[in-house]
Amino acid sequence: MKDTPETELIDIPDVDAEAWNELALEHGWGDGMPLAIPTQAAVDKFVAVCRGDNEPFAPVSPRQVVPTLGSLAANAVMAGCKPDYFPVVLAALRAVLTPNYNLHGTLATTHPCAPMLLVSGPIRQTLDINCGSNCFGQGWRANATIGRALQLILLNVGGAKPGLMDRATHGSPAKYAYCFGENEEESPWTPYHVRRGFAAGDSVVTAMAGEAPHNINDHGSTSGEGIMTTIENTIAQSGANTIYGKGPYVLVLGPEHAETLHRDGWTIEGMQNRLFERARVHVSRVSKENQESYAGSDHVPVNDYYKIAPTPDDIHILVAGGAGKHSAWIPSFGGTAVPSVRIAGG
Amino acid sequence: MRIVNPTFGVSASGGETVAVKPVDWRADPIALFSNSKPNARELLEGIRARLADLRPVDNITFVHKNSASQGAPAELIEQVAANYRGALLAIAD
């Protein structure tokens, strides 16, 4: 791999797109997919959008360097963002730099966590962030490039090189890009960011170091009780990091499941309490060796069951996705938090 | 063509260098530092047992952080730096 100069601006030979990508990969700047060229002119357009956002950034792990707006914008350009997406990227970076997010641990771990980004508020519509059908998937520029931009920042500024400082055993497709919007329009409950103390008119990014989404399929249940039974038993897994009982998780309800649950009187708090009590793993599903290991970190079963969230408040519930009888849950790395950051100007 | 360096950042540390006295691994106090992953303690116990063939081990002691997923707190690192001349770390899984 070629060394990168330590200056903010670099002069390179005039290159076409193909030669640029070869050069970028030689320097280890990419994720394997084609990159746009971060010319000074392109970067300046992004920085201009965020003039006035002068709050300094904390050092980015694991390299522990403080980025500039220019170097952050370079990564957003390379990811394929539009300039208007850049404030979302910056808010996402501020979220993962929140100390209790534990960025260093989440980047260096062998666990396949990726920074899940949830966007709430009006900016979802302004930027056309997909909150509906296939919201975790392909096809939306904003979702794909905002998530990718954060990953490139963590790779290039943070230095989380796969196989070196990023020690993931398998990694995850979610490490390419992991950004979606809350489907506030089809949610029967108060929007997630408002429940967290923001104004309805605020636009907010929430981050969690999470696994890729795990599907919860329930086509048969026609009651809230039935759907909750399926959800709690899907979440009760002995092989997810949540088994340690020391981290949050996210439950993403599809609009159809949400409608049924709401019709039958389920509140957010009621679902949190139910999952805290009932999404649990019986000791018979945990090996003796693991039981001893968990006991060593004071995680012991209660009435022969392991709870998998520290408190009901560590269970984050929202609505996203489109038509269909599916929901999803997203287990976290464990030693992490779920910070929300208001998007400047959003 | 002029581009903006996507890796650019300013080092957060002062970059100061510290003169370190060489460690005498045959006699100096050593910390066996566990990352609190399963089997880390067993690994370090094995190292201590092997070292017993080479040197006194009454000043080789075990230290661990409280969480496998969180970094060691600064106070613990300072404590190790103050009390030991070297540290052997159990890392990864």
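What you see is a predicted model; the values in this text were computed from it and never measured. (Residues numbered from 1 in each chain as written. Chains lettered and ligands numbered in written order. Predicted model: local features only at pLDDT ≥ 70, side-chain atom pairs only at ≥ 80, totals over all residues.)

A.B. asks: Which residues make up the overall build of chain A, and what are the values?
C.D. replies: Along its length, chain A carries 12 helices and 12 strands. Against the 2.2 N^0.38 benchmark of 20 Å for 346 residues, chain A shows a C-alpha radius of gyration of 21 Å, consistent with a compact globule. Dimensions along the principal axes, computed over C-alpha positions, put chain A at roughly 65 × 45 × 35 Å. Going through the 346 residues of chain A one by one, you find that 49% of them count as buried. Residue pairs at least 24 apart in sequence account for 86% of intrachain contacts in chain A once pairs closer than 6 positions are excluded. (Helix = DSSP H or I, 4+ residues; strand = E, 2+ residues; numbered from the N terminus. Rg over C-alpha atoms; globule rule 2.2 N^0.38 Å. Buried ≥ 20, exposed ≤ 12 C-beta atoms within 10 Å, placed from the backbone. Contact = placed C-beta atoms within 7 Å.)

A.B. asks: Would you mind going over the interface of chain A and chain B in detail, with residue names and values included?
C.D. replies: Chain A puts 44 residues into the contact, and the matching count from chain B is 20 residues. Counting residues per element, the ones that place at least two in the side of chain A that touches chain B are strand E1 (9–11), helix H2 (40–49), strand E2 (65–67), helix H3 (69–79), helix H5 (103–108) and helix H7 (141–156) of chain A. With six residues, the top contributor of residues to the side of chain A that touches chain B is H3(A). Residues belonging to the side of chain A that touches chain B are distributed by class as follows: 21 nonpolar, 18 polar and five charged. (Nonpolar A, V, L, I, M, F, W, Y, C, P; charged D, E, K, R; others polar.)

A.B. asks: A description of the sheet that holds strand E11 (residues 326–331) of chain A should follow, citing residues and the corresponding values.
C.D. replies: Residue and element names in this part refer to chain A. An order of E6-E11-E7-E10 is seen for the four strands of this open sheet, with the pairing classed as mixed. Two strands in the sheet have a free side with no partner beyond their single neighbour: strand E6 (214–217) and strand E10 (315–319). Shown here is a sheet whose adjacent strand axes are inclined to one another by a mean of 20°, direction ignored. Summarising the sheet, E6 and E11 pair through four bridges and their orientation is antiparallel. By the bridge assignment, Asn217 is partnered in E11 with His326. Contacting strand E7 (249–253), E10 and E11, helix H10 (residues 255–263) runs over the sheet at an angle of about 90° to E7. (Pairing = 2+ DSSP bridges. Axes fitted to C-alpha atoms, helices over the stretch in contact; angles between N-to-C directions.)

A.B. asks: Would you mind going over H2(A) in detail, with residue names and values included?
C.D. replies: Residues A:Val43, A:Phe46, A:Val47 and A:Val49 constitute the buried set of H2(A). Burial along H2(A) is one-sided: seen end-on, the buried residues are contained in an arc of 155°. Opposite its buried face, H2(A) presents the exposed residues A:Ala41 and A:Ala48, each directed more than 90 degrees away. The inward-facing, buried residues of H2(A) abut H3 and helix H4 (86–96) of chain A together with strand E1 (2–4) of chain B. (Arc of directions from axis to C-beta.)

A.B. asks: So what's going on with the sheet that holds strand E4 (residues 179–181) of chain A? Which residues, and what values?
C.D. replies: Residues and elements named next belong to chain A. A sheet is described by the order of its strands in space; here four strands give the open sequence E4-E3-E5-E12, paired in mixed fashion. Two strands close off the open sheet at either side, each with one partner strand: E4 and strand E12 (340–342). Strand-to-strand, the axes of this sheet are offset by a mean angle of 25°, without reference to chain direction. Pairing of strand E5 (residues 204–210) with E12 involves three bridges; the strand directions are antiparallel. Looking across to E12, one finds that Val204 is bridged to Arg342. Contacts from H4 reach strand E3 (114–120), E5 and E12 within the one sheet, and its direction differs from that of E5 by about 50°.

A.B. asks: Tell me about the packing of H4(A) against H7(A), residues and numbers included.
C.D. replies: All names here are of chain A. H7 packs onto H4 with a crossing angle of 50° between their chain directions and a minimal axis gap of 9 Å. One finds that H4 runs oblique with respect to H7. Between H4 and H7 the crossing geometry is right-handed. Together, Val88, Val89, Ala92 and Leu93 of H4 and Ile146, Ala149, Leu150 and Ile153 of H7 make up the contact between the two elements. Among the residues forming the contact of H4 with H7, the class breakdown is eight nonpolar, no polar and no charged. (Parallel < 35°, antiparallel > 145°, perpendicular 65-115°, else oblique. Left-handed = near helix turned anticlockwise from the far one by under 90°.)

A.B. asks: Could you give me a rundown of the nonpolar core, with the residues and numbers involved?
C.D. replies: In this structure, A:Ala73, A:Ala76, A:Val88, A:Val89, A:Ala92, A:Leu117 and A:Val205 are the most contacted members of the largest nonpolar core, which totals 108 residues. Ranked by residue count, the leading element in this core is H4(A), at nine residues. In this structure, A:Ala73 is in contact with A:Val43, A:Phe46, A:Val47, A:Phe86 and B:Val4, ignoring residues within four places of it in sequence. The next biggest cluster of nonpolar side chains, apart from the first, holds nine residues, and it includes B:Leu32, B:Phe33, B:Ala40 and B:Ile60. (Core = buried A, V, L, I, M, F, W, Y, C linked by C-beta atoms within 7 Å.)

A.B. asks: Lay out the pairing of strand E4 (residues 60–64) of chain B in plain terms, naming residues and giving numbers.
C.D. replies: Residue and element names in this part refer to chain B. Two strands pair when backbone bridges link them, and strand E3 (residues 30–34) and E4 are joined in this way by five bridges, in the parallel orientation. Note on E4: the bridge partner recorded for Phe33 is Val63. As for the winding sense of the linkage, the β-α-β connection from E3 through helix H1 (residues 40–51) to E4 is right-handed. (Right-handed = clockwise from strand over helix to strand, strands pointing away.)

A.B. asks: Tell me about unusual backbone geometry, and name the residues and values.
C.D. replies: Residue and element names in this part refer to chain A. Cis geometry marks the peptide bond from Ser61 to Pro62; its omega dihedral reads -5°. Looking at the element boundaries, Pro62 is found in the loop between H2 and E2. Despite not being glycine, Asn134 has its phi angle at roughly 65°, a positive value. Among the secondary structure elements, Asn134 is positioned in the loop between helix H6 (123–126) and H7. Within the chain, Asp304 stands out as a residue other than glycine whose phi angle is a positive 70°. Summarising the element assignment, Asp304 is placed in the loop between helix H12 (288–296) and strand E9 (305–307).

A.B. asks: Describe in detail the pairing of E11(A), supporting the description with residues and values.
C.D. replies: Residue and element names in this part refer to chain A. For E11, a buried count of five out of six residues is recorded, marking the element as mostly surrounded by other parts of the structure. Sheet topology places E7 next to E11; four bridges connect them, and they run antiparallel. Note on E11: the bridge partner recorded for Tyr249 is Pro331.

A.B. asks: Outline the environment of A:Pro339, listing residues and values.
C.D. replies: All names here are of chain A. Counting through the fold element by element, Pro339 comes out in the loop between E11 and E12. Distance from Pro339 to Thr98, taken between C-alpha atoms, is 6.9 Å for residues 241 residues apart in sequence. In this structure Pro339 touches Ala95, Thr98, Tyr101 and Ala207, once residues within four positions along its chain are discounted.

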